[in-house]
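# Report on the structure
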Amino acid sequence: MLKNLQTFVSLTGLIFGSAAADAQYSVTLLQPSGFSASEAHGISGPNQAGFGTVGGNVHALLWSGTASSVLDLNPSGASQSQIWGTSGSHQIGYSTQSGQDHARLWSGTAASAIDLNPSGFTQSHGRATSATNQVGEGTTMFGSTHALLWSGTAASAVDLNPVGFSSSAAWATSGANQVGYGANGTGHNHALLWSGTAASVVDLNPTGYTETFGAGVQGGQQVGSGYGTITSNRNHALLWNGSASSYVDLQPSGFLYSQAWGISGDKQTGWAWNSLSTLDFHAFLWTGTAGSGIDLHSFLPANYSTSLAFGIDSATGDIVGLAHNTTLNRDEAVMWSPVPEPSSMLILGVFALGLARKRRQTSP
């Protein structure tokens, strides 16, 4: 019986191990009819958000799972607009009116757009939203860029630019935390983590790194990238757990460079590439280690040469980004969806039943 149990445990490991290694993804092309290009940057539940080019202008877009479901959210009077993040019923980005970019918060329609540009800032851009907060950056009257935190209105804006930093930008928010980057006294950018105020900042730049950038946050983890002597000055995707020393290098085998952008639960999204001249990007998915990387580009049709993965939905595991269509020479919004695997539990159940029968047959 012990021998049979050991066999059972070994087989369990093989089944579940191979299931993780053989993860499969289906691809949905979100490129809308009438648009010459598109990108998807955010995803939340059934909705995907980004922007596309139509008539030579960029318009904010919202999808609900298919290319034909697209809604044009470009506000009235805006020459162009972009959405960079979405959460629940809200979308965040910016629009251009009278030559000035203003951060905008939408709730599913063009007419719902709220102008978030704060007093004292000439321009602003929204980058990410959570259930209650939005983040981005704004240009001060003196021309410097400051990270900003909103809670739904222009008047609610909080300037997150830390003391000692000449500029900053916030790119993600989750719960009480915000992540982005700022230029310190040496002129190099450092990944930064805030918890609602400029004074709360934590510098995430590890020893051995010249520059780092924060791009995503959820719970106690943050993602982004960095380079320095420790990486032979090549950009590597990074995962942090709230401090500079906690970082994990996600650089996948077979690639020279990488960037992490989004995070949800135990998964991180981004891309990896080998050439600075051709920028041969491959969309990637990690689960906390360099060795866990999945090349999402491999699931695209053959006529797509490069791809980037931005957002990931916590409930479904769906991932959004873009891929370059070489046939039509354009970037197109795409969504990767995990393909359900055959039930390993059914296989294990059959094996366990066989063990039980064998035990009864061999019992005295």
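Note that the structure is predicted; figures quoted are calculated from it, not measured.

## So, the sheet that holds strand β10 (residues 121–129)
With respect to topology, four strands assemble into an open sheet ordered β10-β11-β12-β13, the strand pairing being antiparallel. The open sheet has two edge strands, β10 and β13 (158–159), and neither has a second partner. Inspection of the sheet shows strand β12 (residues 145–150) paired to β13 by two bridges, in the antiparallel sense. Within β13, the position partnered with Leu148 by the bridge is Asp159.

## So, the sheet that holds strand β16 (residues 189–194)
Strand order in this open sheet of four strands is β14-β15-β16-β17, and the pairing throughout is antiparallel. Of all the strands in the sheet, just β14 (167–174) and β17 (202–203) have a single pairing partner and so form its edges. With six bridges connecting them, strand β15 (residues 177–183) and β16 associate as antiparallel partners. Looking at β16, one finds that Val179 is bridged to Leu193.

## What about the packing of aromatic side chains?
Across all of its chains, the model carries 13 aromatic pairs by this definition. Relative to Trp273, the ring of Tyr257 has its centre 5.5 Å away and its plane inclined at 15 degrees; by these criteria the two rings are stacked. Of the two residues, Tyr257 is situated in strand β22 (residues 257–264) and Trp273 in strand β23 (residues 267–273); the sequence distance between them amounts to 16 residues. Taking the relative accessible area as the measure of exposure, Trp273 reaches 8% and is therefore buried. One aromatic cluster in this structure is built from Phe51, Trp84, Trp171, Trp261, Trp271 and Phe310. The lysine or arginine in question, Arg127, covers the ring of Trp84, its NZ or CZ lying 5.0 Å from the ring centre.

## Some points on the environment of Ala147
Note on placement: Ala147 falls in strand β12. A sequence separation of 33 residues divides Ala147 from Gly180, and the C-alpha atoms of the two residues are 7.9 Å apart. The contacts of Ala147, once residues within four sequence positions are left out, are Gly136, Glu137, Val158, Asp159, Leu160, Asn161, Ser168, Ala169, Ala170 and Trp194.

## A short note on the pairing of strand β24 (residues 282–286)
Of all five residues in β24, five are buried; the element is thus mostly enclosed. Of the two faces of β24, the one carrying His282, Phe284 and Trp286 and the one carrying Ala283 and Leu285 are both buried. Pairing analysis gives five bridges linking β23 to β24, with the strands arranged antiparallel. Residue pairing in the sheet places Gln268 in a bridge with Trp286 of β24. Sheet analysis places β24 next to strand β25 (residues 294–295), joined by two bridges and oriented antiparallel. In the strand pairing of β25, Leu285 is matched with Ile294.

Definitions and cut-offs
Residues numbered from 1 in each chain as written. Predicted model: local features only at pLDDT ≥ 70, side-chain atom pairs only at ≥ 80, totals over all residues. Heavy atoms only, no water. Pairing = 2+ DSSP bridges. Helix = DSSP H or I, 4+ residues; strand = E, 2+ residues; numbered from the N terminus. Phe/Tyr/Trp six-rings, centres within 6.5 Å; stacked < 30°, edge-to-face > 60°. Buried < 20%, exposed > 50% of the residue type's maximum accessible area, 1.4 Å probe, protein only. Lys NZ or Arg CZ within 6 Å of the ring centre and 35° of its normal. Contact = heavy atoms within 4.5 Å.

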